[in-house]
Amino acid sequence: MKAIEINNLVKRFVSKNEKIVALDDISFSIDEGKIFSLLGPNGAGKTTTIKILATLLLPDSGQAKICGYDVVKNDLLVRKTLGTVLPGERTLFWKLTVKENLAYFSDLYGLNPKYSRKRIEYLLNKFEINDRKDTYVEKLSTGLRQRVVLCRALLSDPRVIILDEPTLGLDPEASRNLRNIIKEIKDEGKTILLTTHYMYEADELSDMVAIINKGKIVSIDTPVNLKKNLDIERNITITSRNFTSNFIENIRQEFFTEVKKEINEDGILKISFYLKKKDDALSKIIKIASEHDIIVDNIALSEPTLEDVFINKTGKKFAEIEVSAK
Ligand SMILES: Nc1ncnc2c1ncn2[C@@H]1O[C@H](COP(=O)(O)OP(=O)(O)OP(=O)(O)O)[C@@H](O)[C@H]1O
Ligand SMILES: [Mg+2]
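Now for a look at the structure at hand. (Residues numbered from 1 in each chain as written. Chains lettered and ligands numbered in written order. Predicted model: local features only at pLDDT ≥ 70, side-chain atom pairs only at ≥ 80, totals over all residues.)

We now examine the overall build of the chain. For the chain, the count of helices and strands is 12 helices and 14 strands. Here the C-alpha atoms of the chain give a radius of gyration of 25 Å, more than 25% beyond the 20 Å that 2.2 N^0.38 yields for 326 residues. With the principal axes as the frame, the chain shows a C-alpha extent of 80 × 50 × 40 Å. By residue count, 35% of the 326 residues in the chain fall in the buried class. Pairs at least 24 residues apart make up 70% of the contacts formed inside the chain by residues separated by at least 6 positions. (Helix = DSSP H or I, 4+ residues; strand = E, 2+ residues; numbered from the N terminus. Rg over C-alpha atoms; globule rule 2.2 N^0.38 Å. Buried ≥ 20, exposed ≤ 12 C-beta atoms within 10 Å, placed from the backbone. Contact = placed C-beta atoms within 7 Å.)

Rendered as structure tokens:
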């Protein structure tokens, strides 16, 4: 069974007499025990997807299931199976301590008091906030507060966790800590769906990434495959002390490309050019260099990033979309 299964989900909103198609027929599924990221710019439909899965919003059409439970027909069972973290700081009571918050939510979720006492202790230790258990939430840093929010989502030991922009607003160190915690949660066998608009975050954490744009899934694969299967130009830089114009001309002909030359402070000449495909370019270059008696100090081939994948699939830069969406 799939941990999450979404089929042909459609959601429209009407805002100021304008019709918005927030989700335009999206489908994907997530295997148990995996981390799956929905990566997309502002307004792409990430939160709408999360809210439908969390039974906070009804879809117009299509189906979504969590561990086999339909989010519309079996909403109570879905809520029991899920731990949800939505964006925003006001998801805890600021005038209660960390422990009081977790105890309150345990009661609210109807958890057995003996179980919840142990569970809270376990989570506080696991997330290294036990020493802050008697601190008022309003006194915590945003990073620590986000850890408490995660503890809350994990109180009932749910099989599936959904996190909407979990690292939004955190400083780099707090983000890194939270990413490590997310990996630890996965190691406990949980399935995690997260949304992000940080490319590196999706790249680092995910077993699978779905790129979503304007309510449509434009690509789904592992981060490695998304980058590997991308047929874009790659930049190659060769450094040497004894380039010759014949060698450069040979490179130009072999790869049909402009060659940029540049000398750095050490007097080392660097040439850069674009390759259409990776193929066996490196071995070709080394062969040509050896035919010309060129001593190559270094060859660097730029690897595509998820951002390159995004640009390639949508025809737009991530930042451009972010700006135009505002
Ligand atoms: N309650 C609502 N009423 C009207 N329009 C809405 C509502 N909720 C979302 N939308 C619109 O639906 C689209 C998708 O929004 P959604 O919040 O799912 O995007 P997102 O990918 O989470 O974006 P962000 O990165 O900004 O969080 C946007 O155009 C948004 O303005
Ligand atoms: Mg959102």
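Bringing the site of ligand 1 into the picture now. Taken together, 13 residues surround ligand 1, and among them Phe 13, Ala 22, Lys 46, Thr 47 and Thr 48 come closest. Secondary-structure elements contributing two or more residues to the shell around ligand 1 are β1 (4-15), β2 (18-30) and α1 (46-53). Residues of the shell around ligand 1, tallied by class, amount to 4 nonpolar, 8 polar and 1 charged. (Near = placed C-beta within 6 Å. Nonpolar A, V, L, I, M, F, W, Y, C, P; charged D, E, K, R; others polar.)

On to the pairing of strand β4 (residues 61-66), then. With 5 bridges joining them, β1 and β4 adopt antiparallel strand pairing. Pairing of Glu 5 across the sheet is with Lys 65, part of β4. Here β4 runs beside strand β5 (residues 69-70); their pairing, made up of 2 bridges, is antiparallel. For Lys 65, the partnering residue across the bridge sits in β5 and is Asp 70. Counting the residues in the hairpin turn of β4 and β5 gives 2 residues, including Cys 67, whose phi is positive at 45°. (Pairing = 2+ DSSP bridges.)

We now examine the environment of Pro 304. Here Pro 304 lies in the loop between β14 (296-301) and α11 (306-314). With 19 C-beta atoms packed within 10 Å, Pro 304 lands in the partly exposed category. For the pair Pro 304 and Asp 231, spaced 73 residues apart in sequence, the C-alpha to C-alpha distance is 9.5 Å. Filtering out sequence-adjacent residues up to four positions away, Pro 304 remains in contact with Lys 227, Leu 230, Ile 232, Arg 234 and Val 309.

Note on sheets: strands pair through backbone hydrogen bonds, and any given pair is parallel or antiparallel. The 4 strands lie next to each other as β12-β13-β11-β14, forming an open sheet whose pairing is antiparallel. The sheet terminates laterally at β12 (260-263) and β14, the two strands that pair on one side only. Taking each pair of neighbouring strands and ignoring which way they run, the sheet shows an average axis angle of 20°. Inspection of the sheet shows strand β11 (residues 234-240) paired to strand β13 (residues 269-275) by 7 bridges, in the antiparallel sense. Bridged to Arg 234 within β13 is Leu 275. Strands in contact with helix α10 (residues 281-291) are β11, β13 and β14; relative to β14, the strand with the most contacts, it is inclined by about 160°. (Axes fitted to C-alpha atoms, helices over the stretch in contact; angles between N-to-C directions.)

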